[in-house]
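Single-letter residue listing:
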Amino acid sequence: MTRQPTLATERLVLRPFAAADAEAVQRLAGDARIADTTAHIPHPYPDGAAEAWIAQHPADFAARLRAVFAVTLRRDARLVGTVSLNGMSRPDARAELGYWIGVEHWGQGYATEAAARLLAFGHEAWGLSRFVAHCLARNPGSARVMEKLGMKQEGRLPQHLRKNGRFEDILLYGLNLPSRGRDAPNGARPRSRTE
């Protein structure tokens, strides 16, 4: 699969980003509250950064490096955020989940709904059976999303990341699907403990 599909949930449509989304991405991600609660979004959000980010997506998807989806409302197609699978490893059947939702849409369950659909897609389309994610320890909303997805906290990295001049703890989450170890995508066999 080299062309990114569109996915749907009850309330959302997950679609590839388009160049026309750049202004909305900059407005939503440029909110200081988004930058404050995510590890890598800068504030202020630089001009041209959204365009450059969006331009990378088709090639990254085709190479199966990452899958980045625009999260839009089904009722009016308004962009509310993003959800992604990053650092995909085909031999290891795993990927890292990432997401952010614009501040005006917090607390409505959109991140959980979009992420659940994306995890299902990753498993069904690519045979992924392990998903990891992380968040700042002081971001309980993001941790709740991961927990609602069935992810378990697997670790804590004390003072791991410098954000706005202070060192932040990072919480690590993971999910192994029940089929982990039994499903081997594309003819690969699971690794034994001694390999």
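The structure displayed is predicted, hence computed values, not measured ones. Just so you know, the residues in each chain are numbered from 1, in the order the chain's sequence is written. A pLDDT threshold of at least 70 governs which residues receive local features in this predicted model, and a stricter bar of 80 or more applies before side-chain atom pairs are shown or counted, although totals over entire chains, interfaces and linings include all residues. Excluded from the side-chain calculation are hydrogens and water; included are all heavy atoms of the structure.

## Thoughts on the overall build of the protein
Next, step 1: Segments assigned H or I by DSSP are reported as helices when at least four residues long, segments assigned E as strands when at least two residues long, and all are numbered from the N terminus. Counting secondary structure elements, the protein contains five helices and eight strands.
Next, step 2: In the protein, the order of α-helices and β-strands from amino to carboxyl end is β-β-α-α-α-β-β-β-α-β-α-β-β.
Next, step 3: It is over C-alpha atoms that the radius of gyration is taken, and the globule rule equals 2.2 Å times the number of residues to the power 0.38. A compact globule built from 195 residues would reach a C-alpha radius of gyration of about 16 Å, and the protein, at 17 Å, matches this within 12%.
Next, step 4: Across its three principal directions, the C-alpha atoms of the protein cover 50 × 40 × 30 Å.
Next, step 5: Residues counted as buried form 47% of the 195 residues belonging to the protein.
Next, step 6: Long-range contacts, defined as pairs at least 24 residues apart, comprise 61% of the intrachain contacts of the protein with a sequence gap of at least 6. Exposure categories follow from relative accessible area, calculated using a 1.4 Å probe and restricted to protein chains: below 20% of the type maximum is buried, above 50% is exposed, and the middle band is partly exposed. We call two residues in contact when some of their heavy atoms are within 4.5 Å.

## Side note on the pairing of strand β2 (residues 12-15)
Next, step 1: Here β2 shows a clear split, with Leu-12 and Leu-14 buried on one side and none of Val-13 and Arg-15 buried on the other.
Next, step 2: What makes two strands pair is DSSP finding at least two bridges between them. Strand direction decides the pairing type here: strand β1 (residues 7-8) and β2, joined by two bridges, are antiparallel. Bridging across to β2, Ala-8 finds its partner in Val-13.

## Side note on the layout of surface pockets
Next, step 1: Estimated volume of the largest pocket: approximately 1100 Å³.
Next, step 2: Note on definitions: the grid is 1 Å and covers protein atoms alone; a cavity is a set of points where a 1.4 Å probe fits but cannot get out; a pocket is an open set with protein on both sides within 12 Å along at least five of seven lines; lining residues have an atom within 4 Å of a point. Forming the walls of the largest pocket are 42 residues, and the residues nearest its centre are Thr-38, Gly-98, Tyr-99, Trp-100 and Ile-101.
Next, step 3: Sorting the residues of the lining of the largest pocket by element identifies α1 (22-29), α2 (32-37), α3 (49-62), β4 (79-89), β5 (94-101), α4 (110-126), β6 (130-136) and α5 (140-148) as the ones contributing at least two each.
Next, step 4: Ranked by residue count, the leading element in the lining of the largest pocket is β5, at six residues. Grid points are joined across faces, edges and corners, and a volume is the space filled by probe spheres set on the points.

## Description of α4
Next, step 1: Take the residue count of a helix, subtract one, and multiply by 1.5 Å to get its expected span. Across its 17 residues, α4 extends 23 Å between first and last C-alpha, which sits within 8% of the 24 Å expected from 1.5 Å per residue.
Next, step 2: Directly after α4, the chain includes Gly-127, whose backbone phi takes a positive value near 70°.

## Quick look at the sheet that holds strand β7 (residues 152-163)
Next, step 1: Taken together, eight strands build an open sheet; the order of strands is β1-β2-β3-β4-β5-β6-β8-β7 and the sheet is mixed. For this open sheet the edge positions go to β1 and β7, each flanked by a neighbour on one side alone.
Next, step 2: Pairing geometry for β2 and strand β3 (residues 67-73), over four bridges, is antiparallel. Bridging across to β3, Val-13 finds its partner in Thr-72.

## Let's talk about unusual backbone geometry
Next, step 1: In this chain, His-43 is followed by Pro-44 through a cis amide linkage whose omega measures 0°.
Next, step 2: Within the secondary structure, Pro-44 is located in the loop between α2 and α3.
Next, step 3: Residue Arg-64 is not a glycine yet carries a positive backbone phi of 55°.
Next, step 4: Looking at the secondary structure, you find Arg-64 in the loop between α3 and β3.
Next, step 5: Positive phi outside glycine occurs at Gln-159, with the angle close to 45°.

## Structural notes on the side chain of Thr-9
Next, step 1: As for its position among the elements, Thr-9 is in the loop between β1 and β2.
Next, step 2: Overall, Thr-9 belongs to the buried group, its relative accessible area being 11%.
Next, step 3: Other than its neighbours up to four places away in sequence, Thr-9 contacts Arg-74, Glu-113 and Arg-117.

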